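The residues making up each chain are set out below.
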Amino acid sequence: MALSNGASAHTQPVDELASSLQALGLESLPKYSNPNTYPTLNPVDLYRSHITDLLAPITGVEPDIIYGALQSTQSLDYGDLMLAAPALRLKGKKPDAVANEIVDQFPESALVDKPSVDRKTTIRFFFKPMPLTSLVLKSILQNGENYGFNQNLGLRDASNPSEGRKSIIVEFSSPNIAKPFHAGHLRSTIIGGFLSNMYQKAGWDVTRMNYLGDWGKQYGVLAVGFDKYGSEEELQKNPIGHLYDVYVKISAVSREEGERVKGLEEEVKKLRESNEPTAEKEAEISRIKNEGVDEQARKYFKRMTEGDAEALGVWKRFRDLSIVKYKKTYARLNIWFDDYSGESQVKDESMEEAARVLEEKGISEQSEGAVMVDLEKYSKRLGKTLVKKKDGTTLYLTRDIGANQERYDKYHFDKMIYVVASQQDLHLAQLFKIIEIMGRKEIADKCQHISFGMVLGMSTRKGTAKFLDDILEAVGEKMHEVMKTNQSKYEQVSDPEQTADTLGISAVMVQDMTGKR
Ligand SMILES: NC(=[NH2+])NCCC[C@H](N)C(=O)O
């Protein structure tokens, strides 16, 4: 994953940049420059440096302060860059006087027009169009797809590339096997893919991680269901869809059984009141309780947790086949993962170790047989939460605590991002807090939750968009309809189906990127 182009690969463009600037009448690269921003030449950095060079002698202000004060504008009518005079922190001078002085004394520049003062204290700079065009176009041609990106940002130490690159884990998408891939997973996939690309272009070592929901009693339910309703052929053909169908069917049976027990229990109560025999009904209740789906699933999952090879084998096949299918679908979005981890992959030892630390530090407490952590003393909104169930099994949160530690041990990340919908704001806040109070504040500080709401409406006419493939199918169809509304243009498109598909996928992705985050 490490990008091969180290710092040295960029020396060439710097030299070329200097010669482009000379051609424009500038002697050399701007003096006040952050050399690390030059290699891939983000023109805005170059202009900020150039203006800083011009302002430093006029104002006597530290270049760093000037550079930092040069801001982008809200819209281009307000200039390409602006500077609020108070930001120069000149003592004893009125900001409006400072602004006027700067404008009066601003020298002739090959790159920028003479600035103007707006609203008394704001100085606006407009770039000269022709030099800008030639610099930008040249830079785009030189840098190709690296245009605008600066690989040196990802260096641990910019002046010493041998220190290596910063590493980041971006955990995103993370759907649950045998459950629908919902709007939250879609947004997580898009935002996470985008963030991964961005960090990678900025020179970080990026690990794209998918943390599958692949553990828990529901996988016992699924295995029991597969015994009853599964088809090997369907599983091979469409694992995600088939497992979901099986899960829906078996869950319905389990629900019916639950309702049946409730009904029977009421009948028994009534029979007792009128002193009639109840044995038959009671036998049925205990038969369901001992042999019903729920109990079978519980036993099955227990075997999984105990490492029973057969039970794990079945589950692992479901998981592996699902991953194969996920990979294909993600590829349609140009998304891939370096690591398919998941709740199932968290080791018991790391969770036991976490439990030991929590207990030793007096963070966790016994509560009616379960183990609980009271986070209210740190912040009311964090509440109380369980870290171990009465039957000794772990929870979603427990697994996240273990996973966090394992990931740190494995990758020594400088940063880790969790891209998860806002429904889980509390979960992640609890997770980070627990990690912190366990004595791993440095790790907690490296973790960030990228949260988002789910505004995307995904109802389709057929109402069947449950999986990523269906969603992409649906947007493609919609695009196709839109395209058909303009018949003359439609006829000029050589492969309308394929075009509609590409447009649909693009629309889904672009929609997420239009919002300012
Ligand atoms: N580390 C995490 N908890 N990541 C988020 C996982 C999302 C979870 N599988 C869900 O679909 O709700």
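Residues numbered from 1 in each chain as written. Predicted model: local features only at pLDDT ≥ 70, side-chain atom pairs only at ≥ 80, totals over all residues. Heavy atoms only, no water.

Enquirer: Before we move on, can you summarise the overall build of the protein chain with the specific residues and values?
Expert: Regarding its fold elements, the protein chain presents 19 helices and twelve strands. A compact globule built from 517 residues should have a C-alpha radius of gyration of about 24 Å, whereas the protein chain, at 30 Å, is more than 25% larger. With respect to the three principal axes, the spread of C-alpha positions in the protein chain is 105 × 70 × 45 Å. Across the 517 residues of the protein chain, 46% fall into the buried class. The long-range fraction of contacts in the protein chain, counting pairs at least 24 apart against all pairs at least 6 apart in sequence, stands at 65%. By element, 51% of the accessible surface of the protein chain is carried by carbon and sulfur atoms, the whole surface being about 27,200 Å². (Helix = DSSP H or I, 4+ residues; strand = E, 2+ residues; numbered from the N terminus. Rg over C-alpha atoms; globule rule 2.2 N^0.38 Å. Buried < 20%, exposed > 50% of the residue type's maximum accessible area, 1.4 Å probe, protein only. Contact = heavy atoms within 4.5 Å. Areas by Shrake-Rupley, 256 points an atom, 1.4 Å probe, with all protein chains shown as cover.)

Enquirer: I'd like a rundown of the site of the ligand, residues and numbers included.
Expert: The local shell around the ligand consists of Glu171, Ser174, Asn176, His185, Tyr211, Tyr396, Asp400, Tyr418, Val420, Gln424 and His427. Interatomic distance of 2.7 Å between a side-chain N/O atom of Asn176 and a nitrogen atom of the ligand. Between a nitrogen atom of the ligand and a side-chain N or O atom of Asp400, the distance comes to 2.7 Å. Taking 350 Å² as the accessible area of the ligand by itself, protein coverage stands at 91%. Among the residues making up the shell around the ligand, the classes are represented as four nonpolar, five polar and two charged. (Near = heavy atom within 4 Å. Polar contact = N/O pair within 3.5 Å; in protein donor to acceptor, adjacent residues only side chain to side chain. Nonpolar A, V, L, I, M, F, W, Y, C, P; charged D, E, K, R; others polar.)

Enquirer: So what about helix α19 (residues 496-514)? Which residues, and what values?
Expert: Helix length check: α19, at 19 residues, gives a terminal C-alpha distance of 25 Å against a target of 27 Å (1.5 Å per residue), a fit within 8%. What α19 keeps buried is the set Pro496, Ala500, Asp501, Gly504, Ile505, Val508, Met509 and Asp512. Lining the buried residues of α19 we find α6 (183-201), α12 (309-332), α17 (468-484) and α18 (487-492). (Expected span 1.5 Å × (residues − 1).)

Enquirer: Break down the pairing of strand β6 (residues 205-212) for me, with residues and values.
Expert: Of all eight residues that make up β6, seven are buried, and the element is covered over most of its length. In terms of strand pairing, strand β5 (residues 167-171) meets β6 through five bridges, oriented parallel. Each residue of the ladder has a partner; that of Ile169, found in β6, is Thr207. With α6 bridging β5 and the parallel β6, this β-α-β connection has right-handed handedness. (Pairing = 2+ DSSP bridges. Right-handed = clockwise from strand over helix to strand, strands pointing away.)

Enquirer: Explain the packing of aromatic side chains to me, and be specific about the residues and the numbers.
Expert: All chains considered together, the criterion is met by 14 aromatic pairs. Here Tyr244 and Phe467 contribute two aromatic rings whose centre-to-centre distance is 5.3 Å and whose plane-to-plane angle is 80°, an arrangement assigned as edge-to-face. Taken together, the residues Tyr244 in helix α9 (residues 239-273) and Phe467 in the loop between β12 (447-450) and α17 connect sequence positions 223 residues apart. Each of the two residues, Tyr244 as well as Phe467, counts as buried. (Phe/Tyr/Trp six-rings, centres within 6.5 Å; stacked < 30°, edge-to-face > 60°.)

Enquirer: Pulling in residues and values, what's your account of the packing of helix α2 (residues 43-59) against helix α5 (residues 129-143)?
Expert: α5 packs onto α2 with a crossing angle of 135° between their chain directions and a minimal axis gap of 11 Å. By the criterion of interaxial angle, the relationship of α2 to α5 is oblique. Every pair of crossing elements has a handedness; the one defined by α2 and α5 is right-handed. Here Pro43, Leu46 and Tyr47 of α2 lie close against α5, whose contacting residues are Pro131, Leu132, Leu135 and Val136. Split into classes, the residues belonging to the contact of α2 with α5 amount to seven nonpolar, no polar and no charged. (Axes fitted to C-alpha atoms, helices over the stretch in contact; angles between N-to-C directions. Parallel < 35°, antiparallel > 145°, perpendicular 65-115°, else oblique. Left-handed = near helix turned anticlockwise from the far one by under 90°.)

Enquirer: Could you give me a rundown of the confidence of the model for the protein chain, with the residues and numbers involved?
Expert: The predicted model of the protein chain has a mean per-residue pLDDT of 89, with 93% of residues at 70 or higher. Between residues 1-12, whose pLDDT stays under 50, and residues either more than four places distant or in other chains, the model counts 20 contacts. (pLDDT = per-residue confidence, 0-100.)

Enquirer: I'd like a description of α9, backed by residues and values.
Expert: Between its terminal C-alpha atoms α9 stretches 51 Å, which fits the 51 Å expected from 35 residues at 1.5 Å a residue. Of the residues flanking the end of α9, it is Asn275, one or two places downstream, whose phi is positive at about 55°.

Enquirer: Give a description of the pattern of salt bridges that names residues and reports values.
Expert: Should the charged atoms of two oppositely charged side chains come close, the side chains can pair. One pass over the structure, following the stated rule, counts 32 salt bridges. Across the pair Glu265 and Lys289 runs a salt bridge whose closest N-O atoms are separated by 3.4 Å. Taken as a pair, Glu265 in helix α9 and Lys289 in helix α10 (residues 279-291) lie far apart in primary sequence, 24 residues in all. The class of Glu265 is partly exposed, set by a relative accessible area of 36%. Accessibility expressed as a relative area gives 47% for Lys289, which makes it partly exposed. (Salt bridge = Lys/Arg side-chain N within 4 Å of Asp/Glu carboxyl O.)

Enquirer: Residues and numbers for the sheet that holds strand β10 (residues 384-388), please.
Expert: Pairing in this open sheet of three strands is antiparallel, and the strands run β8-β9-β10 from one edge to the other. The open sheet has two edge strands with one neighbour each: β8 (364-367) and β10. Here the strands of the sheet are splayed against their neighbours by 40° on average, with no regard to which way each runs. Pairing analysis gives four bridges linking strand β9 (residues 370-374) to β10, with the strands arranged antiparallel.

Enquirer: Explain a nonpolar patch on the surface to me, using residue names and the numbers behind them.
Expert: On the surface, Phe194, Met198 and Met513 cluster together to form a nonpolar patch covering roughly 260 Å² of accessible area. Among the structural elements, Phe194 can be located in helix α6. In this structure Phe194 comes out as partly exposed when scored by relative accessible area, which is 38%. (Patch = residues over 30% accessible without salt bridge, like charges linked within 9 Å, V, L, I, M, F, W, Y side chains within 5 Å.)

Enquirer: Explain unusual backbone geometry to me, using residue names and the numbers behind them.
Expert: The phi dihedral of Asn275 is positive, around 55°, even though this residue is not glycine. With respect to the helices and strands, Asn275 occurs in the loop between α9 and α10. Its identity as a non-glycine residue notwithstanding, Asn334 has a phi of 60°, on the positive side.

Enquirer: Run through the side chain of Arg124, naming residues and quoting values.
Expert: Position of Arg124 relative to the elements: it lies in strand β4 (residues 122-125). Here Asp118 takes part through its side chain, which lies 2.8 Å from a polar atom of the side chain of Arg124. Leaving out residues up to four positions away in the same chain, Arg124 has contacts with Thr73, Tyr78, Leu81, Met82, Pro115, Ser116 and Asp118.

Enquirer: So what's going on with the sheet that holds strand β7 (residues 339-342)? Residues and values would help.
Expert: Remark on secondary structure: sheet strands pair via backbone hydrogen bonds, oriented parallel or antiparallel. One open sheet holds the five strands; their spatial order is β7-β6-β5-β11-β12, and the pairing between them is parallel. The outermost strands of the open sheet, each flanked by one partner alone, are β7 and β12. Direction aside, the axes of adjacent strands within the sheet are offset by 25° on average. In terms of strand pairing, β6 meets β7 through four bridges, oriented parallel. Its bridge partner being in β7, Met209 is matched across the sheet by Asp339. Set on the sheet, α6 makes contact with β5, β6, β11 (415-419) and β12; between it and β11 the angle comes to about 160°. This element, helix α14 (residues 396-411), spans β5, β6, β7, β11 and β12 of the sheet and lies at about 155° to β6.

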